[in-house]
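Take a look at the letters that make up each chain.
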Amino acid sequence: MSGDHSPRLPERDRPWMMRTYAGHSTAKASNELYRRNLEKGQTGLSVAFDLPTQTGYDPDDELARGEVGKVGVPISHRGDMAALMHGIPLDEMNTSMTINATAAWLLALYIVAAEEQGVAEEQLQGTTQNDIIKEFLARGTYAFPPAPSMRLIADMIAYTVEHVPKWNPINICSYHLQEAGATPVQEIAYAMSNAIAVLDATRERLGERGREVMEQVFGRISFFVNAGVRFVEEHAKLRAMSILWEELGRERYDVQDARHLRFRYGVQVNSLGLTEAQPENNVQRIVLEALAVTLGRDARARAIQLPAWNEALGLPRPWDQQWSLRIQQVLAYETDILEYPDIFEGSKVMEGLVSELLDGARAEMAVVAEHGGAVEAVSYMKGALVDSHRERIRRIESGEQVVVGQNRFGESEDSPLTADAEGGILVVDPKLEAEQVEAVRSWRAERDQSAVDEALAALAAAARDADGAENLMIPTIAAARAGATTGEWSMTLREVFGSYRAPTGVGDAAAVAPDGELSELRAEVSRLQEKLGRRPKILVGKPGLDGHSNGAEQIAVRARDSGMDVVYEGIRLTPAQIAASALQEGVHVIGLSILSGSHRELIPAVIDALRDAGVTAPVVVGGIIPEQDVAPLREAGVAAVYTPKDFDITRIMRDIVELVGAGAGESSVVVGSAANGSA
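Please read all numbers here as calculations on a predicted model, not as lab measurements.

A few words now on the domain arrangement of the protein. Structurally, the protein comprises domain 1 (17-411) and domain 2 (513-662). Counting residues at the interface gives 35 residues for domain 1 and 35 residues for domain 2. In total, domain 1 and domain 2 occlude about 2800 Å² of area from one another, counting both sides; carbon and sulfur atoms represent 53% of this. With a closest N to O distance of 3.2 Å, Glu601 and Lys70 form a salt bridge. Where domain 1 meets domain 2, there are 16 residue pairs in polar contact (both at pLDDT 80 or more). Taken together, the elements giving at least two residues each to the side of domain 1 that touches domain 2 come down to helix H2 (51-55), helix H5 (132-139) and helix H15 (378-398). The greatest single-element share of the side of domain 1 that touches domain 2, amounting to seven residues, is contributed by H15. In terms of residue class, the side of domain 1 that touches domain 2 is built from 16 nonpolar, eight polar and 11 charged.

Structure below.
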C-alpha cells in the first residue's frame with residue numbers, strides 16, 4: 001500500500017473486551033468452562049444464569065421443573081457463587097452478569113464471594129444487566145411489579161456508586177428489543193426512554209444527594225445493544241445513540257464532564273436472524289454483524305460477545321464458543337480495523353442515515369413521553385413491538401426479506417456440523433436437575449437457620465417501609481452472607497411487593513387488512529366455524545419459565561386475524577394452570593411454546609395434566625426442538641412438531657385448522673410454533 005494515510009493508532013494491543021456468553025449445568029462445570037475460555041484468550045466473563053435463577057426460584061420449586069441448568073448456570077446461594085468463581089481472581093476480572101429481576105441478589109452474592117477471596121467490594125469491576133422495563137417488553141424474566149422493581153434498580157445504582165464505584169449497575173438493554181422485532185428507530189427510542197425512567201427514579205430515590213452524584217450515576221450507566229446483519233444501518237444506529245445519550249446528559253441531567261457523557265456499550269450480535277435451516281450460514285452472519293460494532297472507531301463497542309453458530313439449534317458446546325471467540329480474535333489481531341481513525345467520519349451516507357434515525361427516534365421518544373414515560377408506556381411499546389415483529393415475519397413469509405437457506409436457496413447438502421448423535425449441540429444431563437434439587441435442600445439443612453430467618457425478616461421490614469429509608473442492597477447483602485437462597489430472597493420480596501403479569505401486546509396489536517393468503521385462511525376458519533357450531537377457540541400458553549414469547553404472540557395474533565377466538569395469558573404457567581384454563585375456556589386447540597430446552601419434561605407434564613382434567617386432544621409442539629427429541633415427544637402424545645425452520649405462520653395456522661376440523665365437535669389441543677425461531 002502506498003500514499004500518505006492518517007497516522008495509525010496503537011490499538012492492536014488493546015482491542016475491545018472479548019467474551020463468550022456462557023454457563024450451564026452446575027456452578028462447578030461452568031467454572032471449568034470459564035477457566036478454559038480465559039486460557040484461550042477471553043478477556044472477561046459473561047455469565048448466563050438459568051431461568052430459575054433469573055426469575056427468583058430455587059431448583060426445587062414447582063416452576064423450576066425442567067429448567068434447572070438448561071439456558072445457564074443455577075446459582076442458589078453464596079456457596080454456588082463461590083464455586084462459580086473458584087480460582088478466578090475477582091480483583092482482576094471484569095464480569096458481566098446477564099441478570100435483571102434478581103440483579104441485586106446476584107450482585108450481593110458476588111460481593112460476598114469476593115469477600116471470601118479477600119477482595120473488597122470497591123475493587124470489583126463488571127456489569128449487571130438489571131434492566132427490568134426491557135423484561136416487561138421482550139424477555140419475560142421479571143419478578144416484581146414495576147414500581148418496586150424500579151426501587152430495587154435505583155437502590156442498587158445508589159449503592160454501587162458509593163460502595164462499588166467500578167461497577168456498571170445497569171445495562172440499558174436494547175438487545176432484546178430488536179430480538180422482539182424492534183426497528184432501529186424503536187430500539188433507539190425505547191432504550192433511551194428506558195434510560196430516562198431509570199435515571200429519573202434514581203435521582204428521586206437519592207433526594208438531595210441526587211444532585212451531587214448524578215454526574216457519577218450517569219457515567220456508570222452502560223448499554224447492551226444488538227447488531228443485525230444490515231451492518232451499515234446498525235452502525236448508524238449506534239452513532240445516533242451516542243449523539244442522543246450525550247444530549248440527554250447535558251440537557252436533562254446537567255452532566256458536563258465529557259468522560260461521563262460517553263456512550264458506553266457492550267454488544268451481542270443478533271440471534272434472531274440465526275437459522276436452524278443451513279445453520280452453517282450463521283457463521284458469516286455473525287462475522288458481518290460484528291463489523292457493525294468494530295468498523296467505526298467513534299462508535300466502537302467496549303465489549304463484545306458473539307453467539308455460536310448453533311444457537312438456533314440448542315446449547316452451544318465449548319468448541320462452538322471457542323469458534324465465536326476466534327472470530328473476535330481474527331478481527332482484532334489479523335485485520336486492520338483497529339489501526340485507523342474513524343473511517344465513517346465525513347461520510348454523507350452515514351451522516352444521512354444517522355440524521356434519519358435521530359429524527360425517527362426523537363419522534364417516538366415523544367410518543368413514549370406522552371404516555372407518561374417508559375414505565376407507564378409498557379403496554380404501548382409492547383403492542384408496537386408485536387406489530388413490528390408481525391411485519392418482519394410477513395416480509396420473510398412473502399420472500400420480500402430474503403433469509404438465505406430458509407426462504408431462498410434452500411437446496412442443501414447434509415451438514416457434517418450436525419451429524420453427531422446430539423445434533424451438534426450440548427445436551428444437559430437431566431439427572432443434574434435432581435442433583436441441584438438435593439444440593440439446595442442440603443444447603444438449607446446445614447446452615448444457621450436462625451441467622452437466615454433474621455436476615456430475611458430485616459429484608460422484609462426494609463421493603464415494607466413506605467418511606468424507603470434503608471437501601472435494599474444492605475439487607476440483601478446481609479441475607480447473602482447469612483446463607484439465604486435465591487428463592488427465599490425473591491419470595492420475601494414477592495410477599496411484600498406482590499406479583500405481576502406483564503402485558504402480552506396481543507390485544508394492543510393493530511388489526512390488519514386481509515391479503516390473499518389471510519383471506520383464504522379466514523374462509524377456512526369460517527367453514528370450520530360452521531362445522532363446529534361456534535368460532536374455533538385457541539389457547540396459547542407457555543409452560544415453565546421461558547419468557548421468550550415473541551413467537552407465541554405471533555401465533556396468537558395470526559389466530560385472531562384469521563377469525564379465531566384467542567385465549568393468551570402470557571408466560572410462566574404450570575401444566576396444571578394450562579389444563580384448568582383449557583377446561584374452563586372450552587377451547588378447541590391449545591398452543592404451547594418452549595425455547596428453553598425444557599420441552600422433554602414440560603410437554604409430557606402438560607399432556608398428563610390435560611388428560612387428568614378430561615381434555616382430550618391432539619397435541620402439537622413448537623420451539624427449539626432438536627431432531628432427536630421429536631420421536632419421544634410423538635410417543636408422549638404429540639401430533640406434530642414445529643421448529644425454527646417452520647417460519648410460515650399461515651401454513652402453521654392451516655395445519656391447526658385442519659387438525660381441529662378432523663376432530664370437529666371435540667376439544668382439541670395443539671402446542672406451539674417456532675415462528676422463525678422466536679416462539
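Turning next to the pattern of salt bridges. Scanning the model with the defined rule gives 40 salt bridges in all. One salt bridge connects Asp200 with Arg252, and the closest N-O pair in it is separated by 2.7 Å. Placement of the pair is Asp200 in helix H8 (residues 184-206) and Arg252 in helix H10 (residues 231-252), with a sequence separation of 52 residues. Overall, the relative accessible area of 39% leaves Arg252 in the partly exposed class. One continuous salt-bridge network, built from bridges that share partners, spans Asp58, Asp60, Arg441 and Arg444.

Moving on to the packing of aromatic side chains. Scanning the model with the defined rule gives 15 aromatic pairs in all. Look at Trp309 and Trp323: their rings are 6.5 Å apart centre to centre, the planes differ by 50 degrees, and that puts the pair in the tilted class. Of the two residues, Trp309 sits in the loop between strand E10 (303-305) and helix H13 (318-333) while Trp323 sits in helix H13, which places them 14 residues apart along the sequence. The class for Trp309 is buried, based on a relative accessible area of 2%. Classification of Trp323 by relative accessible area gives partly exposed; the value is 28%. Ring-pair connections join several aromatic residues into one group, and the members of that group are Phe218, Phe223, Trp245, Tyr253, Phe263 and Tyr265. Note that Arg572 overlies the ring of Tyr142, its terminal NZ or CZ placed 4.9 Å from the centroid.

This part covers H5. Burial within H5 is extensive, with eight of its eight residues counted as buried. Turning to H5, its buried residues are Ile132, Ile133, Lys134, Glu135, Phe136, Leu137, Ala138 and Arg139. Capping the start of H5, Asp131 holds a side-chain oxygen 3.4 Å from the backbone nitrogen of Ile133, two or three residues further along. Gly140 occupies a position one or two residues after H5 and carries a positive phi of about 85 degrees.

Turning to the sheet that holds strand E2 (residues 21-22), a few remarks are in order. One open sheet accounts for five strands, arranged E2-E3-E4-E5-E6; its pairing is parallel. Strands at the two margins of the open sheet, each flanked by one partner only, are E2 and strand E6 (167-168). Inspection of the sheet shows strand E3 (residues 45-48) paired to strand E4 (residues 94-98) by four bridges, in the parallel sense. Considered in E4, the bridge of Val47 is made with Met97.

Before going further, it helps to examine the sheet that holds strand E7 (residues 171-173). Within the open sheet, the five strands sit side by side as E1-E10-E9-E8-E7. Their pairing is parallel. With partners counted over all chains shown, the strands left at the sheet margins are strand E1 (17-19) and E7, one partner each. Averaged over all pairs of adjacent strands, the angle between their axes in this sheet comes to 25 degrees, without regard to strand direction.

If you trace the backbone, Asn94 turns up in strand E4. Judged by relative accessible area, Asn94 falls into the buried class, the value being 17%. Within the local environment of Asn94, its side chain forms a polar contact with the side chain of Arg19, the two groups lying 2.5 Å apart. Apart from the residues within four sequence positions on either side, Asn94 is in contact with Met17, Arg19, Gly44, Leu45, Gln125 and Gly126.

Looking now at the packing of helix H21 (residues 550-561) against helix H25 (residues 649-662). Between H21 and H25, the shortest axis-to-axis distance is 10 Å and the interhelical angle comes to 65 degrees. In terms of their interaxial angle, H21 and H25 are classed as roughly perpendicular. As H21 packs across H25, the resulting crossing turns out to be right-handed. On H25, the residues that touch Gln554, Ile555, Arg558 and Ala559 of H21 are Ile649, Thr650, Ile652 and Met653.

Before going further, it helps to spend a moment on helix H12 (residues 281-292). Within H12, nine of the 12 residues are buried, leaving the element largely enclosed by the surrounding structure. All of the buried residues in H12 are Asn281, Asn282, Val283, Arg285, Ile286, Glu289, Ala290, Leu291 and Ala292. Looking at the buried side of H12, the elements it contacts are strand E8 (222-227), H10, strand E9 (265-269) and H13.

With that out of the way, let us pick up unusual backbone geometry. Across residues other than glycine, the phi torsion is negative in most instances, and most of the peptide bonds are trans. Although it is not a glycine, Asp254 sits at a positive phi angle of roughly 55 degrees. Its place among the elements puts Asp254 in the loop between H10 and helix H11 (258-261). Take Asp254: its relative accessible area is 55%, and that puts it in the exposed class. One non-glycine residue with positive phi stands out, namely Gln278, at about 45 degrees. Checked against the element boundaries, Gln278 lands in the loop between E9 and H12. Of the residues examined, Gln278 reaches a relative accessible area of 13% and is grouped as buried.

Examined against the element boundaries, Ser598 turns out to sit in the loop between strand E13 (589-594) and helix H23 (599-613). Considering only alpha carbons, one finds Ser598 and Asp546, 52 residues apart in sequence, at a separation of 8.7 Å. Excluding anything up to four places from it in sequence, Ser598 contacts Gly66, Glu67 and Lys70. Only 3.0 Å separates the side chain of Ser598 from the side chain of Ser596, close enough to count as a polar contact.

Moving on to the nonpolar core. If you look at the biggest cluster of nonpolar residues, it comprises 144 residues, and the most contacted ones within it are Met81, Met192, Phe223 and Trp245. Per-element tally for this core: the top contributor is helix H4 (residues 103-116), with 12 residues. Beyond its immediate sequence surroundings of up to four residues, Phe223 is in contact with Asn171, Ile172, Ala191, Met192, Ala195, Met241, Trp245, Phe263, Arg264, Tyr265 and Gly266. Ala509, Ala552, Ala556 and Val557 belong to the second-largest nonpolar core, a separate cluster that totals 27 residues.

Once that is clear, we can look at the pairing of E4. Note on strand geometry: in a regular strand, side chains alternate between the two faces of the sheet. Of all five residues making up E4, five are buried, and the element is well covered by its neighbours. Going residue by residue along E4, you find Asn94, Ser96 and Thr98 tucked away on one face and Thr95 and Met97 tucked away on the opposite face as well. In terms of strand pairing, E4 meets strand E5 (residues 125-128) through four bridges, oriented parallel. Residue pairing in the sheet places Met97 in a bridge with Thr128 of E5. A crossover links E4 with its parallel partner E5, the connecting element being H4, and its sense is right-handed.

Cut-offs used in this document
- Residues numbered from 1 in each chain as written.
- Predicted model: local features only at pLDDT ≥ 70, side-chain atom pairs only at ≥ 80, totals over all residues.
- Heavy atoms only, no water.
- Domains from an automatic or database assignment.
- Contact = heavy atoms within 4.5 Å.
- Buried area = accessible area lost by both parts, 1.4 Å probe.
- Salt bridge = Lys/Arg side-chain N within 4 Å of Asp/Glu carboxyl O.
- Polar contact = N/O pair within 3.5 Å; in protein donor to acceptor, adjacent residues only side chain to side chain.
- Helix = DSSP H or I, 4+ residues; strand = E, 2+ residues; numbered from the N terminus.
- Nonpolar A, V, L, I, M, F, W, Y, C, P; charged D, E, K, R; others polar.
- Buried < 20%, exposed > 50% of the residue type's maximum accessible area, 1.4 Å probe, protein only.
- Phe/Tyr/Trp six-rings, centres within 6.5 Å; stacked < 30°, edge-to-face > 60°.
- Lys NZ or Arg CZ within 6 Å of the ring centre and 35° of its normal.
- Pairing = 2+ DSSP bridges.
- Axes fitted to C-alpha atoms, helices over the stretch in contact; angles between N-to-C directions.
- Parallel < 35°, antiparallel > 145°, perpendicular 65-115°, else oblique.
- Left-handed = near helix turned anticlockwise from the far one by under 90°.
- Core = buried A, V, L, I, M, F, W, Y, C linked by side-chain atoms within 4.5 Å.
- Right-handed = clockwise from strand over helix to strand, strands pointing away.

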